[in-house]
Amino acid sequence: AYPHLQYWWRVEPDVLFSGSWADLLARTARHTLDDVVLPRLSSHTAYPAYPHWKHNQHVLRGVPNDQWKYSLVSIGRYSSRFIGQMALLWAAGIIGYEEILLPMTCVKLGRAACTLSSFQRLRSGGWRRSHVAQNFRYRPTWKCREFLLAAMSHTQELWHPVKNRTCWVEYLDTCTPQGCSASAGG
């Protein structure tokens, strides 16, 4: 349908960005041509007790465990060539825990066919000069107010999970072409 499309983005509803999404997409395009970009890559070496390793041996088979990777996949950028490879696996009935399946498929394909990186390689454009994914975690959930303060300061960081976004919606509802009310979202 889109023969010239190079990258696909997948973003779950509890992922927020404390800056312009257009800026994030443009910065990612400028800084990496990798096929798969995920929040933070974790290794078997660093997390040998990760409970999902044992349930995904069919995905990990043939790869030395010092090369095993997983990542939260609440947000990710995927190349069309990677999506094509995934389509072949899915058609063959190969499935797995996506936090392992997606990065490990890239690892198994090899660097000539798939390159893998993380948002941690990108610095935020905000005043904190942090990593874009420094506020990306599994638990506990971020409070809306924590995210709102970062968003009002345009720190340009990914935040996950932000389940209650009421204060953010209230803040956005105050926005006009002249700006938004800094006192909103209390």
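Residues numbered from 1 in each chain as written. Predicted model: local features only at pLDDT ≥ 70, side-chain atom pairs only at ≥ 80, totals over all residues. Heavy atoms only, no water.

Some details on the pairing of strand 6 (residues 75–79)
In terms of residue burial, strand 6 counts as a mostly covered element, since five of its five residues are buried. Where burial is concerned, the two faces of strand 6 agree: the one with Ile75, Arg77 and Ser79 and the one with Gly76 and Tyr78 are both buried. In this structure, strand 1 (residues 7–11) lies alongside strand 6, joined through five bridges in antiparallel fashion. Looking at the pairing, Val11 lines up with Ile75 of strand 6. The sheet contact formed by strand 3 (residues 36–38) and strand 6 spans two bridges and is antiparallel. Its bridge partner being in strand 6, Val36 is matched across the sheet by Tyr78. (Buried < 20%, exposed > 50% of the residue type's maximum accessible area, 1.4 Å probe, protein only. Helix = DSSP H or I, 4+ residues; strand = E, 2+ residues; numbered from the N terminus. Pairing = 2+ DSSP bridges.)

Quick word on a nonpolar patch on the surface
There is a patch of nonpolar side chains on the surface, built from Tyr2, Leu5 and Trp8 and spanning about 330 Å² of accessible area. Inspection of the secondary structure assignment puts Trp8 in strand 1. (Patch = residues over 30% accessible without salt bridge, like charges linked within 9 Å, V, L, I, M, F, W, Y side chains within 5 Å. Areas by Shrake-Rupley, 256 points an atom, 1.4 Å probe, with all protein chains shown as cover. Salt bridge = Lys/Arg side-chain N within 4 Å of Asp/Glu carboxyl O.)

Looking at the packing of helix 3 (residues 80–91) against helix 4 (residues 98–109)
Between helix 3 and helix 4, the least distance of the axes is 11 Å, while the angle of their chain directions is 105 degrees. The angle between the axes of helix 3 and helix 4 places the two elements in the roughly perpendicular class. Contacts from Phe82, Gln85, Met86, Leu89 and Trp90 in helix 3 reach Leu101, Leu102, Thr105, Cys106 and Leu109 in helix 4. Taken together, the residues of the contact of helix 3 with helix 4 sort by class into eight nonpolar, two polar and no charged. (Axes fitted to C-alpha atoms, helices over the stretch in contact; angles between N-to-C directions. Parallel < 35°, antiparallel > 145°, perpendicular 65-115°, else oblique. Contact = heavy atoms within 4.5 Å. Nonpolar A, V, L, I, M, F, W, Y, C, P; charged D, E, K, R; others polar.)

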